[in-house]
Amino acid sequence: MKILAIETSCDETAAAIVSKNPQEDYVKILSNVVASSLIYHSQTGGIIPDIAAREQLKFIIPVIEKTIEDSKLRIEDLDAIAVTYGPGLIGSLLIGVETAKTLAYLWNKPIMPINHLLGHIYANFVNEKSKIEFPAIALLVSGGHTDLVFLKNHKRVKWIGGTLDDAAGEAFDKIGRLLGLPYPGGPAIEQASEHGIAGRFTFPRPMIGSHDFNFSFSGLKAAVFREVTSIRHPERSEGSHALKRSVDSLPKAQNDIDKQQIADIASSVQNSIVQVLVRKTVKAAKKYNAKSILLGGGVAANQKLKEEMHSQLSTLNFQLHVPPAHLCTDNAVMIGAYAAFNYKPQNLNTITANPELYFQ
Ligand code: KG4
Ligand code: ZN
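Residues numbered from 1 in each chain as written. Chains lettered and ligands numbered in written order. Predicted model: local features only at pLDDT ≥ 70, side-chain atom pairs only at ≥ 80, totals over all residues. Heavy atoms only, no water.

Turning our attention to the site of ligand 1. Near ligand 1 lie 21 residues; those nearest to it are Gly143, Asp173, Gly186, Glu190 and Gly298. The contact in question runs from an oxygen atom of ligand 1 to an N or O atom on the backbone of Gly143, over 2.8 Å. Backbone polar atom of Gly144 to an oxygen atom of ligand 1: 3.5 Å apart, as the coordinates give it. In isolation ligand 1 offers 550 Å² of accessible surface; the protein chains occlude 88% of this area. For the shell around ligand 1, the secondary-structure elements that each account for two or more residues are α4 (116-122), α5 (168-178) and α6 (185-193). Considering every element that reaches the shell around ligand 1, the biggest residue donor is α6, with 4 residues. Among the residues forming the shell around ligand 1, the class breakdown is 6 nonpolar, 12 polar and 3 charged. Split by domain, the shell around ligand 1 shows at least three residues from each of two domains, domain 1 (2-126 + 328-350) and domain 2 (136-322). (Near = heavy atom within 4 Å. Polar contact = N/O pair within 3.5 Å; in protein donor to acceptor, adjacent residues only side chain to side chain. Areas by Shrake-Rupley, 256 points an atom, 1.4 Å probe, with all protein chains shown as cover. Helix = DSSP H or I, 4+ residues; strand = E, 2+ residues; numbered from the N terminus. Nonpolar A, V, L, I, M, F, W, Y, C, P; charged D, E, K, R; others polar. Domains from an automatic or database assignment.)

Below is the structure:
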């Protein structure tokens, strides 16, 4: 089966063609194209939905054309179309969904609406490698989501916990902004951490010991805000009115924190986030007797997270799977992979973008 997949939930316009043999438990990538409007958003320090949608419109046809051209397939060779229908930004989602519906109608192909979050998990089922054994626990860590999901098999998927406030990627992005680092904050904090000494600052590891599988990262962001404020304005004591201002309304950090302090804070923040993610994931894997742990989403590209996960699992009997970095961040291969394992075409007229979609 050969599937053309389209992903436009945020600031990436992505298309891919994947193929799957019924006997195999992975998909092959026949082509994979991603265009991003990140350059605009890095100038503004965050995603501007109108700009993201405008760029989606500009890129969508050239990206699909290039995907088909790269695959060397003809339209007749395609068996189905899969498209992300949520969650995401409504303007961005609509462009992918309406394009996919139009193509499905014109080419007379079956179409499948795919949940972006499940897509991130299925970035693990790509290309031949060690077989993924069920049951599995998936940690989905992206800019908008931090979720733990139990997969008994391909058909039985259950959400077991998630963030109560900011997602892990969102925490990286907001803290990056506080430190005056470029957007997105995750890779920037990872890079800054290389020269940092984590022990110089101690930040909370929120909910690390809680008895559920939930997360909370907004307190960490507030703690970094307090630290940055006290470095910039040592005269202001804890609890002054300045500390109560919303972190989000802060202007970009001035150049009044030196490079080493930024590196040290970045390193400590990264440690806190990684430790919480690893502790909760391993706890879930033990409780659900998982055989495999699957990581997915942009934050799964973080080297420290992978290293810490490996080191915690060295004495435990779980198999860790992490997609290559370019399949952790948004792409259409993962959307095609989910569709190939869960082939369920739907009537064209029933498919609509759903920005608030979550795990069903
Ligand atoms: O999955 P993704 O591309 O988009 C969403 O669906 O949200 O994830 C983007 C998020 C951003 O918050 C970004 O800062 C984070 O993933 N990210 C990272 C790294 N690369 C991307 N966070 C930590 N370390 C990284 N290397
Ligand atoms: Zn994503």
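Right, let's get into the pattern of salt bridges. Between side chains of opposite charge, a pair can form when the charged atoms approach closely. The final tally for this structure, using the stated rule, is 12 salt bridges. Lys221 is the salt-bridge partner of Asp166, the closest N and O atoms lying 2.9 Å from each other. Residue Asp166 is located in the loop between β8 (157-162) and α5, and its partner Lys221 is located in helix α7 (residues 218-232); the two are separated by 55 residues in the primary sequence. Between Glu170 and Lys174 there is a salt bridge whose closest N-O contact spans 3.1 Å. Taken together, the positions of Glu170 and Lys174, both in helix α5 and 4 residues apart, correspond to about one turn of that helix. Look at Glu170 and you get partly exposed, because its relative accessible area is 24%. In this structure, a network of salt bridges that share partners links the residues Asp166, Glu170, Lys174 and Lys221. (Salt bridge = Lys/Arg side-chain N within 4 Å of Asp/Glu carboxyl O. Buried < 20%, exposed > 50% of the residue type's maximum accessible area, 1.4 Å probe, protein only.)

Moving on to the coordination of the zinc ion (ligand 2). At this site the zinc ion (ligand 2) is bound by His116 (NE2), His120 (NE2) and Asp330 (OD), with donor distances of 2.0 to 2.1 Å. Given 4 donor atoms and angles of 95 to 137° at the metal, the environment of the zinc ion (ligand 2) is assigned as irregular. Mapped onto the polypeptide sequence, the residues donating to the zinc ion (ligand 2) form the spacing pattern H-x3-H-x209-D. Residue His120 is located in helix α4, and its partner Asp330 is located in the loop between α10 (325-328) and α11 (333-341); the two are separated by 210 residues in the primary sequence. His120 sits in the buried class, given a relative accessible area of 1%. (Donors = N, O, S within 2.8 Å, 3.2 Å for Na, K, Ca; no water. Tetrahedral: all angles 85-135°; square planar, octahedral: opposite > 155°, others 65-115°.)

Let us now look at the pairing of strand β9 (residues 292-296). β9 sits mainly inside the fold: 5 of its 5 residues count as buried. Burial along β9 is two-sided: the face carrying Ser292, Leu294 and Gly296 and the face carrying Ile293 and Leu295 are both buried. Relative to β9, strand β6 (residues 136-141) is paired through 5 bridges, and the arrangement is parallel. The residue bridging Leu140 from the neighbouring strand is Gly296, located in β9. Relative to strand β10 (residues 319-321), β9 is paired through 3 bridges, and the arrangement is parallel. Residue pairing in the sheet places Leu294 in a bridge with His321 of β10. With respect to chirality, the unit in which β9 leads through helix α9 (residues 303-313) into the neighbouring parallel β10 is right-handed. (Pairing = 2+ DSSP bridges. Right-handed = clockwise from strand over helix to strand, strands pointing away.)

This part is about the pairing of β6. β6 sits mainly inside the fold: 6 of its 6 residues count as buried. With 6 bridges connecting them, β6 and strand β7 (residues 146-151) associate as antiparallel partners. Within β7, the position partnered with Leu140 by the bridge is Asp147. Where β6 folds back on β7, the antiparallel hairpin that results is connected by 4 residues.

Take unusual backbone geometry next. A cis geometry characterises the amide bond from Gly86 onward to Pro87, with omega recorded as -10°. Assignment of secondary structure puts Pro87 in the loop between β4 (80-86) and α3 (90-107). With an omega dihedral of 0°, the bond running from Tyr183 to Pro184 counts as a cis peptide bond. Although it is not a glycine, Lys72 sits at a positive phi angle of roughly 65°.

According to the domain assignment, the chain contains domain 1 (2-126 + 328-350) and domain 2 (136-322). Inter-centroid distance (C-alpha atoms) of domain 1 to domain 2 is 28 Å. Taken together, the contact between domain 1 and domain 2 spans 18 residues of the former and 20 residues of the latter. Summing both partners gives a buried area of about 1,600 Å² for domain 1 against domain 2, and 70% of it is carried by carbon and sulfur. Here domain 1 is connected to domain 2 by 4 residue pairs in polar contact (both at pLDDT 80 or more). For the side of domain 1 that touches domain 2, the elements supplying multiple residues, two or more each, are α1 (38-44) and α4. Examining the composition of the side of domain 1 that touches domain 2, we find that 5 residues originate from one element, α4, more than from any other. Taken together, the residues that form the side of domain 1 that touches domain 2 break down as 10 nonpolar, 8 polar and no charged. (Contact = heavy atoms within 4.5 Å. Buried area = accessible area lost by both parts, 1.4 Å probe.)

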